[in-house]
Protein chains: 2
Amino acid sequence: MSARTITARPLDATAFAPFGDIIDIRPQPDKIINQGKCARYHDLAGLDFTKGGKAGISLFDAEARSFPYRLELMERHPLGSQAFLPLHEQPFLVIVAEDNNGKPGQTQAFITPPSVGINYHRNIWHGVLTPLSAPGLFAVVDRIGGGKNLEEFWFEEEIIIEKDR
Amino acid sequence: MSARTITARPLDATAFAPFGDIIDIRPQPDKIINQGKCARYHDLAGLDFTKGGKAGISLFDAEARSFPYRLELMERHPLGSQAFLPLHEQPFLVIVAEDNNGKPGQTQAFITPPSVGINYHRNIWHGVLTPLSAPGLFAVVDRIGGGKNLEEFWFEEEIIIEKDR
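So, a few notes on the structure that sits alongside this text. Predicted model only: the values in this text are computed from it and were never measured.

### Side note on the sheet that holds strand 4 (residues 38–41) of chain B
Paired through their backbone hydrogen bonds, the strands of a sheet run either parallel or antiparallel.
Okay, step 1: In spatial order, the strands read 2(A)-10(A)-7(A)-13(A)-5(A)-4(B)-3(B); together these seven strands make up an open sheet with antiparallel pairing. What marks the edges here is a single partner per strand, and that holds for strand 2 (20–23) of chain A together with strand 3 (31–33) of chain B. Strand-to-strand twist in this sheet, taken as the mean axis angle between neighbours without regard to direction, amounts to 25°.
Okay, step 2: The sheet contact formed by strand 2 of chain A and strand 10 (residues 117–120) of chain A spans four bridges and is antiparallel. Note on strand 10 of chain A: the bridge partner recorded for A:Ile22 is A:Ile118.

### Overview of the interface of chain A and chain B
Okay, step 1: With 46 residues of chain A at the interface, the matching set in chain B holds 46 residues.
Okay, step 2: For the chain A and chain B pair, buried surface summed over both sides reaches about 3,900 Å², with 58% attributable to carbon and sulfur atoms.
Okay, step 3: The largest contributions to the chain A side of the interface with chain B come from A:Lys37, A:Ile57 and A:Leu59, which together make up 18% of the buried area.
Okay, step 4: Our enumeration of links across chain A and chain B arrives at four salt bridges.
Okay, step 5: The closest approach of N and O atoms between A:Asp142 and B:Arg40, which form a salt bridge, is 2.8 Å.
Okay, step 6: Where chain A packs against chain B, one counts 16 residue pairs in polar contact (both at pLDDT 80 or more).
Okay, step 7: If you list the elements that add at least two residues to the side of chain A that touches chain B, you get strand 4 (38–41), strand 5 (54–62), strand 6 (69–76), strand 7 (82–86) and strand 13 (137–144) of chain A.
Okay, step 8: At eight residues, strand 5 of chain A tops the list of elements feeding residues into the side of chain A that touches chain B.
Okay, step 9: Here the residues of the side of chain A that touches chain B are counted per class, giving 27 nonpolar, eight polar and eleven charged.
Okay, step 10: Pairing of strand 4 of chain A with strand 5 (residues 54–62) of chain B, which is carried by four bridges, proceeds in the antiparallel orientation. Note that in strand 5 of chain B the partner of A:Arg40 across the bridge is B:Phe60.

### A short note on unusual backbone geometry
Okay, step 1: Here the amide bond leading from A:Ala134 into A:Pro135 is cis, since omega sits at -5°, within 30 degrees of zero.
Okay, step 2: Along the chain, the position of A:Pro135 falls in the loop between strand 12 (130–131) and strand 13.
Okay, step 3: You will see that B:Gln35, though not glycine, has its phi angle at about 55°, which is positive.
Okay, step 4: Among the structural elements, B:Gln35 can be located in the loop between strand 3 and strand 4.
Okay, step 5: What makes B:Gln35 partly exposed here is its relative accessible area of 48%.
Okay, step 6: Despite not being glycine, B:Asn101 has its phi angle at roughly 55°, a positive value.
Okay, step 7: Within the secondary structure, B:Asn101 is located in the loop between strand 8 (92–100) and strand 9 (103–111).

### Here's the deal with the packing of aromatic side chains
Okay, step 1: In this structure the tally under the stated criterion is 16 aromatic pairs over all chains.
Okay, step 2: Ring centres of A:Phe16 and A:Phe110 lie 6.0 Å apart, and the angle between their planes is 90°; this geometry places the pair in the edge-to-face category. Placement of the pair is A:Phe16 in helix 1 (residues 13–16) and A:Phe110 in strand 9 (residues 103–111), with a sequence separation of 94 residues.
Okay, step 3: Relative to B:Phe155, the ring of B:Phe153 lies with its centre 5.5 Å away and its plane at 80°, an arrangement referred to as edge-to-face.
Okay, step 4: Feature note: the residues A:Phe16, A:Phe19, A:Phe60, A:Phe84, A:Phe110 and A:Tyr120 constitute an aromatic cluster, connected by ring pairs.

### A few points about the sheet that holds strand 4 of chain A
Okay, step 1: Here we have seven strands laid out as an open sheet, ordered 3(A)-4(A)-5(B)-13(B)-7(B)-10(B)-2(B), and antiparallel in their pairing. One side of each edge strand has no neighbouring strand; the edge strands of this open sheet are strand 3 (31–33) of chain A together with strand 2 (20–23) of chain B. Taking the axes of each pair of neighbouring strands and ignoring which way they run, one obtains an average angle of 25° across the sheet.
Okay, step 2: Across eight bridges, strand 5 of chain B lies against strand 13 (residues 137–144) of chain B in antiparallel orientation. Paired with B:Gly56 across the bridge in strand 13 of chain B is B:Asp142.

Rules and cut-offs
- Residues numbered from 1 in each chain as written.
- Chains lettered and ligands numbered in written order.
- Predicted model: local features only at pLDDT ≥ 70, side-chain atom pairs only at ≥ 80, totals over all residues.
- Heavy atoms only, no water.
- Pairing = 2+ DSSP bridges.
- Helix = DSSP H or I, 4+ residues; strand = E, 2+ residues; numbered from the N terminus.
- Axes fitted to C-alpha atoms, helices over the stretch in contact; angles between N-to-C directions.
- Contact = heavy atoms within 4.5 Å.
- Buried area = accessible area lost by both parts, 1.4 Å probe.
- Salt bridge = Lys/Arg side-chain N within 4 Å of Asp/Glu carboxyl O.
- Polar contact = N/O pair within 3.5 Å; in protein donor to acceptor, adjacent residues only side chain to side chain.
- Nonpolar A, V, L, I, M, F, W, Y, C, P; charged D, E, K, R; others polar.
- Buried < 20%, exposed > 50% of the residue type's maximum accessible area, 1.4 Å probe, protein only.
- Phe/Tyr/Trp six-rings, centres within 6.5 Å; stacked < 30°, edge-to-face > 60°.

What follows is the structure, given as structure tokens:
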């Protein structure tokens, strides 16, 4: 089997922008609150829930993975965005792909900085939650509601994801 | 000045229930996803946004406090719930009060376990964000929208909050 290989690189704002939002502090807060003791960075994610769904907070507890990571499956959520907020300071692996006629096309992999979240926009192809070490606990803000909100794509040939050296 | 003193105790589900939700894993997940590698604990917070507001994700970066903590101010948000999700594994201090004719009444203080979030229900009196050590970085899911969504109450006499021994 001649697997394709891609390299995971540090999360890059420009490269990630077409796929979602990076939930991180910015050079300047939008507001200082609580008697000067708290900086607010306001409304950092494009939450987008269709067909009667609404935002909810869930927890995902995922098994840690390691490099090289074998990507067999990608998924997308046609009815809503999905944000992942790490409840720890460990980096995690973020995999996204352009859509190519209803299948994942060109695929990219990123490693997040500590204490940074991401929000996949609605209907963006992405890998499943892949922490790189324990604990694999994340708060997830995604669509609560009925309807078919999961589309999966299994690769005929897996993609090997290696760490940038 | 004869300040009142209360003791912060470990976060207690029964005692906290009238004020909000504890965002923590449960004995059993609601669903196992991602080929058995991820547990989903579904829809753990009562998100409640009125008067045209909607859910958003912001970041709060707050200064760490220490015991004894002098509580001078409480606040409430009449138009929406507010969830705090620690982007780290450090406990934080949670202060809530019953309403007593438009002012904070009986006040309680709790210390969260690591990697546990909380969601204050709409219009519940609570203290400002009080991490107990750095980093003080939290994702906040609260109401994005116009209108007057902040009511503050300054105590004539501060409340001293001590740690349980």
